Amino acid sequence: MEPSPLVAIVMGSDSDLPTLAPAAQVCEEFGIPYQMQILSAHRTPEAMVEFARRAHTQGIRVIIAGAGGAAHLPGMVASLTPLPVIGVPVLSPSLQGIDSLYSIVQMPKGIPVATVAIGNGYNAGLLAVQILASGDPDLLRRVIAYRESLKQAVQEKNDQLQTQGWKAYLDSIKHKSII
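For every chain, the first residue of the written sequence is number 1, and numbering continues from 1 along that sequence. Restriction of local features to residues with pLDDT of at least 70 applies here, the model being predicted, together with a cutoff of 80 or more for giving and counting side-chain atom pairs; totals for whole chains, interfaces and linings are based on all residues. Neither water nor hydrogens contribute to the side-chain values; these are computed over all heavy atoms in the structure.

### Quick notes on the side chain of Ser 92
Phase 1: Summarising the element assignment, Ser 92 is placed in the loop between β4 (85–89) and α4 (98–105).
Phase 2: Those residues in contact with Ser 92, other than ones at most four positions away along the chain, are Gly 97 and Asp 99. The numbering of helices and of strands both runs from the N terminus, where a helix is a DSSP run of H or I of at least 4 residues and a strand a run of E of at least 2. When checking whether two residues touch, look at their non-hydrogen atoms; a contact exists if any pair is within 4.5 Å.

Right, dumping it as structure tokens:
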């Protein structure tokens, strides 16, 4: 039997999936059970309302909601649930996601939505993990270890830069991006 999901990842359209897939990847990396679904605040409002009202009764502890354009999904979900909601503005062709960012961060007093950078589903996943880790010592240790690995990676890159010099190092990272 699979464990009940602790994180729900919702999106207004399947076109948002490339932005939100990294959130699912983070959940998988940390062993956090999650669910993912398409719910549109505009095209399936009844399903969105039902989900948001019941999520906390089904074991969900954090909701990640991505949205582009008008970006109503994160705010509407937040208005209907007592759970923390993390909004992910999706990069849009017309306004480059700025419209989504503004829509998500401009929530009225009393209905907060945490917001990550435009297109940054990965950080939304990490934030969800950190929220869960605040009540789970083992998960908190894994978050600390993850942060330590980031520190180590930066130190290793600096060591290479110092050893190779900036020109050779630049050439080596250009080569990596092609591979």
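### Some remarks on the pairing of β4
Phase 1: Among the 5 residues of β4, 5 are classified as buried, and the element is accordingly described as predominantly covered.
Phase 2: Taken together, the 5 bridges between strand β3 (residues 62–67) and β4 define a ladder with parallel strand orientation. Within β4, the residue paired with Gly 66 across the bridge is Val 88.
Phase 3: Crossover handedness is defined by viewing with both strands directed away from the observer: a clockwise path from the first strand over the helix to the second marks the crossover as right-handed. What joins β3 to β4 is helix α3 (residues 72–80), and the crossover it makes is right-handed.
Phase 4: Viewed along the sheet, the connection from β4 through α4 into strand β5 (residues 114–115) turns out right-handed. Here's how the labels work: a residue is buried when its accessible area is under 20% of the maximum for its type, exposed when over 50%, partly exposed in between, all with a 1.4 Å probe on protein chains only. For two strands to be treated as a pair, DSSP must find at least two bridges joining them.

All we've got here are geometric facts, nothing functional implied.
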